[in-house]
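# Fold and contact review
Chain by chain, the residues:
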Amino acid sequence: HSPHTITLRESRRRSQSERRGQEAMASERNGDGGKECAGENGNGGGGGVSLEMPEIRYTRLFINGAFVDAVSGKTLETRDPRTGDVIASIAEGDKEDVDLAVKAAREAFDHGKWPRMPGSERGRIMMKYADLVEQHAEELTLLESLDAGKPRMATRAVDLGTSVRSLRYFAGAADKIHGETLKMSRQFQGHTLREPIGVAGLIIPWNFPAIMFFSKVAPALAAGCTMVVKPAEQTPLSALYFAHLAKQAGVPDGVINVITGFGPTAGAAIASHMDVDMVSFTGSTSVGRLVMEASARSNLKPVSLELGGKSPLIVFDDADVDMAVGLAISANFFNKGEACVAASRVYLQEGIYDGFVKKLAQRMESWVVGDPFDPRVNQGPQV
């Protein structure tokens, strides 16, 4: 658990052509270009960058408000995708651990205060939760970049920024859950009432660990649900940290439980559990089928699936080719191309084909793949 230290050397300024080659990624790089490089080095180049990694403090399962070892005592390794080195050993949850987490979530839902408190109070706690995530954003950024190989600047601006905004958005929705009143043709009353579904099983992928955590956890919290979260085994660090911050924010014990482990064991146990009331999964189409099948074979729980895609980008002869090339680069290589909505196919009308390919090749010559903590790098290592 000793801190990791990464030392980088900036040997030269980026040329104007390099900067132009990176403009397409402005949204991912927060629009700062060389400013971040200059700010870190203090002189715009020629100096060293020393980043001290935070201590890996949370490596155990989070069940009923406490960090605990797996029942089996087994651990899994989370590795630095830059080098393959082990970052930390993480508790490997299994069916027995999922059972304990679901039991805690069920107790918190059936008898706890979270689903029974006013929506405005849930919203207040969620706002505090968002503030805590924001306060710890720098440490979380380093964890996420280390675990997932994401460029640090993009992780801070996109991943952590989106996570905080998602929490605040759904905090505002917590006291605005309305049904409808229906005018009936006879002497009846007709109305709808929206209620929390119960215990939610949330299985998140490795490409956007923080964003996907809150895109599932935040609406479930707002509705008054309790939950068992399984982060991807490749990127478990931020989810465990988020569990710690949830407790600090005042989320009652048992409402958020985090089980780190593998899909065929921990994930399958969540999807097939008879006391989980719904499951939300983001990942591959093949595993999505297994999740839906497990639901059907167990308690026929509702399933929410967001599965892989193969999105095309279509460019016609009358398009601005320079703009289209920039969009193609951004749409394909944003987040290292690890995105279900990546435009991983490009269809070109024949009249612009040769010119487009030439410009694309020229732009990609300045694309830098390497250490995600180096501010010159556009793309870190693939998970």
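The rules behind the values
- Residues numbered from 1 in each chain as written.
- Predicted model: local features only at pLDDT ≥ 70, side-chain atom pairs only at ≥ 80, totals over all residues.
- Heavy atoms only, no water.
- Helix = DSSP H or I, 4+ residues; strand = E, 2+ residues; numbered from the N terminus.
- Buried < 20%, exposed > 50% of the residue type's maximum accessible area, 1.4 Å probe, protein only.
- Contact = heavy atoms within 4.5 Å.
- Areas by Shrake-Rupley, 256 points an atom, 1.4 Å probe, with all protein chains shown as cover.
- UniProt positions renumbered as here; feature names shortened; annotations may be inferred.
- Axes fitted to C-alpha atoms, helices over the stretch in contact; angles between N-to-C directions.
- Parallel < 35°, antiparallel > 145°, perpendicular 65-115°, else oblique.
- Left-handed = near helix turned anticlockwise from the far one by under 90°.
- Phe/Tyr/Trp six-rings, centres within 6.5 Å; stacked < 30°, edge-to-face > 60°.
- Core = buried A, V, L, I, M, F, W, Y, C linked by side-chain atoms within 4.5 Å.
- Polar contact = N/O pair within 3.5 Å; in protein donor to acceptor, adjacent residues only side chain to side chain.
- Salt bridge = Lys/Arg side-chain N within 4 Å of Asp/Glu carboxyl O.

## Thoughts on the overall build of the chain
When you go through the chain residue by residue, the secondary structure sums to twelve helices and 15 strands. Relative to its full complement of 383 residues, the chain shows a buried share of 50%. The long-range fraction of contacts in the chain, counting pairs at least 24 apart against all pairs at least 6 apart in sequence, stands at 76%. In the structure as shown, the chain presents an accessible area of about 18100 Å², 52% of it carried by carbon and sulfur atoms.

## Describing the UniProt feature "active site" (unreviewed entry) in the chain
The UniProt record annotates "active site" (unreviewed entry) at Glu306. Structurally, Glu306 can be placed in strand E13 (residues 303-307). Leaving out residues up to four positions away in the same chain, Glu306 has contacts with Met212, Phe281, Thr282, Gly283 and Cys340.

## Section: the packing of helix H7 (residues 209-223) against helix H8 (residues 237-249)
Closest axis-to-axis distance for the H7/H8 pair is 9 Å, and the angle between their directions is 45°. With respect to H8, the axis of H7 lies oblique. Once H7 is placed against H8, the crossing between them reads as right-handed. Contact residues: Pro209, Ala210, Phe213 and Phe214 in H7; Ser238, Ala239 and Phe242 in H8.

## Brief notes about the packing of aromatic side chains
Any aromatic ring pair is given by two values, namely how distant the centres are and how the planes are angled relative to each other. Under the definition given, this model contains ten aromatic pairs. Among the aromatic residues, ring-to-ring pairing joins Tyr58, Phe62, Phe67 and Tyr241 into one connected group.

## A few points about the nonpolar core
Ranked by internal contacts, the top residues of the largest apolar core, which has 62 residues, are Tyr129, Val133, Phe213, Leu221, Met227, Ile256 and Val258. Top element by residues in this core is H7. It accounts for ten residues. When neighbours within four sequence positions are excluded, Val133 is seen to be in contact with Leu140, Leu160, Val164, Leu167, Phe214, Phe242 and Leu245.

## Observations regarding the side chain of Ser298
In this fold, Ser298 is placed in the loop between helix H10 (285-297) and E13. A distance of 3.3 Å separates the side chain of Ser298 from the side chain of Asn299, its partner in a polar contact. Reaching out from Ser298, the side chain makes a polar contact with the side chain of Lys301 at a distance of 2.9 Å. Setting aside anything within four residues of it in sequence, one finds Ser298 in contact with Ala271, Ser272 and Met274.

## What to know about the pattern of salt bridges
Once their charged atoms are close, side chains differing in charge can pair, the charge on each being opposite to the other. Tallied over the full model, the rule gives 22 salt bridges. Between Asp275 and Arg106 there is a salt bridge, with the nearest N and O atoms lying 3.4 Å from each other. One end of the pair, Asp275, is in the loop between helix H9 (263-271) and strand E12 (278-283); the other, Arg106, is in helix H3 (residues 95-111), and 169 residues separate them in sequence. The salt bridge partner of Arg297 is Glu293, with a shortest N-O separation of 3.0 Å. In this pair, Arg297 and Glu293 are both assigned in helix H10, four residues apart and thus about one turn of the helix distant. Using a relative accessible area of 38% as the deciding quantity, one classes Glu293 as partly exposed. A network of salt bridges, in which partner residues are shared, links Arg106, Asp110, Asp275 and Asp277.

## Some points on the environment of Asn335
Tracing the chain through its elements places Asn335 in the loop between helix H11 (321-333) and strand E15 (345-348). Separated by 43 residues in sequence, Asn335 and Asn378 have C-alpha atoms that sit 9.3 Å apart. A polar contact of 3.2 Å, which involves the side chain of Asn335, links it to the backbone oxygen of Asn207.

## Some details on unusual backbone geometry
A positive phi angle is found at Leu300, which is not glycine, with a value near 55°. Within the secondary structure layout, Leu300 lies in the loop between H10 and E13. Classification of Leu300 by relative accessible area gives exposed; the value is 64%. At Lys336, a residue that is not glycine, the phi angle is positive and equals roughly 65°. Checked against the element boundaries, Lys336 lands in the loop between H11 and E15.

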